[in-house]
Amino acid sequence: MKKLFIQEVAPRDGFQNEARFIDTEDKIAFVDQLSLCGYAKIEVTSFTSPRAIPALKDAEAVMHRLHRNPDVVYTVLVPNMRGAERAMSCGVDEINLVMSVSETHNLSNLRMSRERSFEQLAAVIEEVRNTDTAINVSLSTVFGCPMQGDIEQSDVLGWIDRFAQLGVNGVTLCDTTGMAYPTQVGSLFSTVIERFSGLQITAHFHNTRGMALANTVTALQAGVERFDSSLGGLGGCPYAPGASGNVTTEDLVHMLELMGYDTGVDLAAILAISRTLAPLIGHDVNSQTLAAGTRMSLHPVPEYVQQLQHSQ
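Computed from a predicted model, the values in this text were never measured in an experiment.

What counts and what doesn't
- Once a new chain begins, its residue numbering starts again from 1 and follows that chain's sequence as written.
- In view of the model being predicted, local features appear only for residues whose pLDDT reaches at least 70, and side-chain atom pairs are presented and counted only at 80 or more, with totals across whole chains, interfaces and linings using the full set of residues.
- Side-chain metrics rest on all non-hydrogen atoms present in the structure, leaving aside hydrogens and water.
- With axes taken as lines fitted to C-alpha atoms, and helix axes fitted only over the stretch in contact, angles between N-to-C directions fall between 0 and 180 degrees.
- Helix numbers and strand numbers start at the N terminus; a helix is a DSSP run of H or I with at least 4 residues, a strand a run of E with at least 2.
- An angle below 35 degrees is read as roughly parallel, one above 145 as roughly antiparallel, one from 65 to 115 as roughly perpendicular, and any other as oblique.
- Definitions for this section: a left-handed crossing has its near helix turned counterclockwise from the far helix by less than a right angle. A right-handed crossing has that turn clockwise.
- The criterion used for residue contact is that any of the two residues' heavy atoms lie within 4.5 Å.
- Ten residues, namely Ala, Val, Leu, Ile, Met, Phe, Trp, Tyr, Cys and Pro, are considered nonpolar, four, namely Asp, Glu, Lys and Arg, are considered charged, and the remaining ones, Gly among them, are considered polar.
- Any two strands between which DSSP finds at least two bridges are classified as paired.
- Here, the term nonpolar core denotes a set of buried Ala, Val, Leu, Ile, Met, Phe, Trp, Tyr and Cys residues that are joined through side-chain atoms within 4.5 Å.
- Each residue is assigned to one of three classes by its accessible area relative to the maximum for its type, calculated with a 1.4 Å probe on protein chains only: buried under 20%, partly exposed between the two thresholds, exposed over 50%.
- Under the pairing criterion, centres of Phe, Tyr and Trp rings, with the six-membered ring standing for Trp, must be within 6.5 Å; the plane angle then separates stacked pairs below 30 degrees from edge-to-face pairs above 60, leaving the rest tilted.
- The definition of a polar contact used here is a pair of N or O atoms within 3.5 Å, where within protein one atom must be able to donate a hydrogen and the other to accept one, and adjacent residues in sequence count solely through side-chain atom pairs.

Moving on: the packing of helix α8 (residues 182–195) against helix α9 (residues 212–222). It is the contact of α8 with α9, at a shortest axis distance of 8 Å, that shows an interaxial angle of 30°. Comparing the axis directions of α8 and α9 gives the class roughly parallel. When the axes of α8 and α9 are compared, the crossing they make is right-handed. Contacts between α8 and α9 involve Pro182, Val185, Gly186, Phe189, Ser190 and Ile193 from the first element and Ala214, Asn215, Thr218, Ala219 and Ala222 from the second. Residue classes in the contact of α8 with α9 are distributed as seven nonpolar, four polar and no charged.

Shown next, in the form of structure tokens:
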């Protein structure tokens, strides 16, 4: 049974998009519950300016008070050197740096050119790379930009190469607005895995157009072993028009287990946690497995059918 690595992003990518502020105590309790479910990695929070993302203004408090599971990598989003300093003071296992391969989206999201983003992130990498903290780079809009259109594969490969030369540990390829489709996914990931065998490669799919699970299957066939996902399908990009949430963790794990993969994640446990999300965030979640039950959640046989069976 092939081992896969599921990486939960709801505490950061999900909560940062919620209109209702999630109390610090609730955030801590949520991550502590997730820590017992078998995830390989949990993205806990973002060390972005509280003015930019007030939903995660309590990043230090959350990180300092978690009950950490030594089998889980606790990662955080870091936008710049100041964010890196704050994250390092909390003893995080990994920092996750973000920029877009689309110039238009990078300007919209980060208010700077790609080259300026790279300069800032390179400075952070230089500062962190000789410590025990791992470095991951998430590249947004690699499968298409909602304002710019298609992104050339050569452009994506060029940015990966530049970060690989700086000594990062991993790269996440993000389908920021759900523009990816299976043949495109297979082509890009096959090339990336062959060319950058020394990097941990993660797939980050959104379900904006209902193709996240199909794209996952294609990524598996290309050799991807690490997948980001969000409990309840929470999240999305606030700077990408029309974007919806991430691929739903429970739907992803349910599918992968049926296909014979070892995700390490306790499906019953995460479904139980997912049931608590709606009252926490104030609206329903996008979880088909939670709504319908797992494939073998069978229903009672109606009494009239039982009578017909006995009469045969």
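Having seen it, we continue.
Right, let's talk about the sheet that holds strand β7 (residues 200–204) for a bit. If you trace the eight strands once around the closed barrel, you get β1-β2-β3-β4-β5-β6-β7-β8, paired in parallel fashion. Put simply, the sheet's adjacent strands are angled 25° from each other on average, direction ignored. Across the sheet, α8 is in contact with β6 (170–174) and β7; its angle to β7 comes to roughly 165°.

Moving on, we come to the nonpolar core. Among the nonpolar cores identified, the biggest contains 86 residues, and Leu139, Phe163, Leu173 and Phe189 are the most heavily contacted of them. Excluding residues within four positions of it along the chain, Leu173 makes contact with Leu139, Val142, Phe143, Val156, Ile160, Leu188, Phe189, Val192, Thr202, Ala203 and His204.

Taken as a whole and assessed by the stated rule, the structure comprises six aromatic pairs. When the ring of Phe15 is compared with that of Phe30, the centres are 5.1 Å apart and the planes differ by 40°; the resulting orientation is tilted. Residue Phe15 is found in the loop between α1 (10–14) and α2 (24–34), and its partner Phe30 is found in helix α2; the two are separated by 15 residues along the sequence. The exposure class assigned to Phe15 is buried, which follows from its relative accessible area of 1%. A ring pair is formed by Phe143 and Phe189, whose centres lie 6.1 Å apart and whose planes are at 40°; its orientation type is tilted. Placement of Phe143 in the loop between β5 (134–140) and α7 (153–165) and of Phe189 in helix α8 is noted, with a sequence separation of 46 residues between them.

With respect to the secondary-structure elements, Thr208 resides in the loop between β7 and α9. What makes Thr208 partly exposed here is its relative accessible area of 22%. Remark: the alpha-carbon pair of Thr208 and Gly178, spanning 30 residues in sequence, is separated by 4.7 Å. From its side chain, Thr208 meets the backbone oxygen of Thr177 in a polar contact 3.1 Å long.

Distances and angles like these do not, on their own, reveal function.
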